[in-house]
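One letter stands for each residue in the lines below.
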Amino acid sequence: MQYDGKDRWYLEALGIGAQGNEDAYFNAWKTQVGNGWNTLAGRQIVWRSRSKAAVPLLGAIIKSVSEQEMLPYFRAFDFHTDASKQQVLAQIATQSQGEKVLYALKHMDATTFKITPALQVALDKTLNKYKGKLEFVEIASAFKLQNKASDLLSLSITYPDSAVGKEAVKVLLDWNKIDLFTKTFAKNNEESTGLVKALWAHMYNDKALEVMENLVLDTSKNKELRQLAVRTFAGPWNAEDRLLALAADKKIPTDVQMAAAGVFQTAWRANIREDGAKYLELPGSKAGMALPSISILADKSGDASKGKEICNTLCINCHAINGEGINFGPDLSEIGDKLSKEALYASILYPSQGISFGYEAYKIQLKDGSSAFGRIISETNDKLELQFMHQHQIINKSDITSRTQVPTSLMTENLQAAMTEQELVDLVTYLGTLRKEQ
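What you see is a predicted model, and the numbers here were worked out from it, not measured in a lab. (Residues numbered from 1 in each chain as written. Predicted model: local features only at pLDDT ≥ 70, side-chain atom pairs only at ≥ 80, totals over all residues. Heavy atoms only, no water.)

A closer look at the environment of Ala234
In plain terms, the rule: Numbering of helices and strands runs from the N terminus, with a helix taken as a DSSP run of H or I at least four residues long and a strand as a DSSP run of E at least two residues long. Whether two residues touch is decided by their heavy atoms; if any such pair falls within 4.5 Å, the residues are in contact.
Residue position: Ala234 is located in the loop between helix H15 (223–231) and helix H16 (237–248). Residues Ala234 and Ala267 lie 33 residues apart in sequence; the distance between their C-alpha atoms is 6.9 Å. The residues contacting Ala234, other than those within four sequence positions of it, are Glu240, Val263 and Gln353.

Structure follows, in structure tokens:
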């Protein structure tokens, strides 16, 4: 990009050099160049200037350049504080096409600007164009379109693991639409599960925390849904502290206490692990006695050879190890390189606390009234292959009426109940030896 000496002087003088005298410097330049301002150098001067008089020229530039060139000029609006920029942005939104309309709307402050009929038309067209996408959420939030709350709820439920779903539910939290959450949880179905997953990312938010707490304590709701809700308390310190307080007050219902214990025993903070073990009984061994905390188990030594025998009895029915066993759960051949002792104990005692990607369980409902269950190992446009243990089932997608991800692990719960405490220690000792050959 080449400028002559005069242009370079103007660029420097009307940029940082104009601080405190933006209007005077800019107007002097504009008077000198007149209608010939819209040159390569002139656009750079308009872009740099913070003068109120530069605002309408930014709008003119955006209208004249391509979508590939427009973004820096939209960014310049962020540095202007004069209210006149709202009118300029509204003109861009009502007089332009494509993404220029979207970016104009995104840069507007809808709380300080009256929506005209022309702007409402542009707004409606943009919402329709981006329905189901993140841009829809951004516009609905910026313009506080609470009449779109049901659309945002649908996005939260349908795309709970994506930015679209997470941002949509954040807007609903900001709008305090707790009644929509309550109605969804009353259904006790896959929609309820999707909403819990969407809210999971916002457990630092006091409103989300209260919603999840109420769900956990509501024993009229599905047990698996409430167990999933318990797991959302893992991670954020305020959430873990709140769950610990519920445990201390003996408020956590019996049927979800195991899930709560999993949150405590996999927590990063030692006090959460230790205090959680005081308030909730940990899983029991074959002898019927509660096991000690994971931190205590991890300090114990075991016999790897005995652990291998236990593994050959309990684990290879679902897992492969160096080519032996069944490839249903994650391959354990190099598990000692991947997980610490603490993580190995957690995966056995609380399998639903951290489900590996690709090993999620699904329930498939079919048109003939039957259902199938397992993990999806392959999928094409017209067929889906499901596996449960050593059994494989190929299903025509045209026969499927619903597909629901189950929030619990495919791994057997209470596996430790088939072992004594020492046998569990031996098993974990053996699993720790499964490493990549050097």
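From this point, things continue past the structure.
With respect to the packing of helix H6 (residues 84–95) against helix H8 (residues 117–129)
Just so we agree on the cut-off: Fitting a line to C-alpha atoms yields each axis, with helices limited to the stretch in contact; the angle taken between N-to-C directions then spans 0 to 180 degrees. Orientation is classified from the angle alone, with under 35 degrees giving roughly parallel, over 145 giving roughly antiparallel, 65 to 115 giving roughly perpendicular, and any other angle giving oblique. Throughout, a crossing is termed right-handed when the near helix is turned clockwise from the far one, and left-handed when it is turned anticlockwise from it by less than a right angle. In this count, Pro and Cys sit with the nonpolar residues alongside Ala, Val, Leu, Ile, Met, Phe, Trp and Tyr, while Asp, Glu, Lys and Arg are called charged and the others, Gly among them, polar.
Interaxial distance between H6 and H8 falls to 9 Å at its minimum, and their mutual angle equals 60 degrees. With respect to their mutual orientation, H6 and H8 come out oblique. Relative to H8, H6 is oriented so that their crossing is left-handed. Only Ala118, Leu119 and Ala122 of H8 make contact with H6, whose side of the interface consists of Ala90, Ala93 and Thr94. Looking at side-chain class alone, the contact of H6 with H8 contains 5 nonpolar, 1 polar and no charged residues.

A closer look at the sheet that holds strand E5 (residues 383–388)
For the record, the criterion: Any two strands with at least two DSSP-identified bridges between them are counted as paired.
The sheet built from 5 strands is open, its strands ordered E6-E5-E4-E3-E7 with antiparallel pairing. The sheet terminates laterally at strand E6 (391–396) and strand E7 (400–406), the two strands that pair on one side only. Between one strand axis and the next, the sheet turns through 45 degrees on average, direction left out of account. Note: E5 against E6, 6 bridges, orientation antiparallel. Pairing of Gln387 across the sheet is with His392, part of E6.

Examining the pairing of E5
In this sheet, E5 lies alongside strand E4 (residues 371–379) in antiparallel orientation, the contact comprising 4 bridges. What sits directly across from Arg375, in E5, is Gln387. Hairpin connection of E4 to E5: 3 residues between the antiparallel strands. The turn joining E5 and E6, which pair antiparallel and follow one another in sequence, is formed by 2 residues; a positive phi near 55 degrees is taken by Met389.

A look at the nonpolar core
This is how it is decided: Only buried residues count toward a nonpolar core. Its members are Ala, Val, Leu, Ile, Met, Phe, Trp, Tyr and Cys residues joined through side-chain atoms within 4.5 Å. Exposure categories follow from relative accessible area, calculated using a 1.4 Å probe and restricted to protein chains: below 20% of the type maximum is buried, above 50% is exposed, and the middle band is partly exposed.
Formed by 85 residues in total, the largest nonpolar core has its most connected members in Phe181, Leu199 and Met212. Non-local contacts of Met212, meaning those with residues more than four positions away in its chain, are made with Phe185, Val196, Leu199, Met203, Ala229, Thr232 and Phe233. Membership of the second largest hydrophobic core comes to 26 residues, among which are Cys311, Tyr350, Leu431 and Leu434.

Observations concerning the environment of Thr404
Inspection of the secondary structure assignment puts Thr404 in strand E7. According to the relative accessible area criterion, Thr404 is buried, its value standing at 18%. Taking C-alpha positions, Thr404 is 37 Å from Asp426, a pair spaced 22 residues apart along the chain. The residues touching Thr404, leaving out its near neighbours within four places in the chain, are Glu190, Ala361, Tyr362 and Lys363.

Some points on the pairing of E4
On any regular strand, side chains alternate: one points to one face of the sheet, the next to the other face. With 4 bridges connecting them, strand E3 (residues 361–366) and E4 associate as antiparallel partners. Within E4, the position partnered with Tyr362 by the bridge is Gly374. Hairpin connection of E3 to E4: 4 residues between the antiparallel strands, including Gly369 at a positive phi of 95 degrees.

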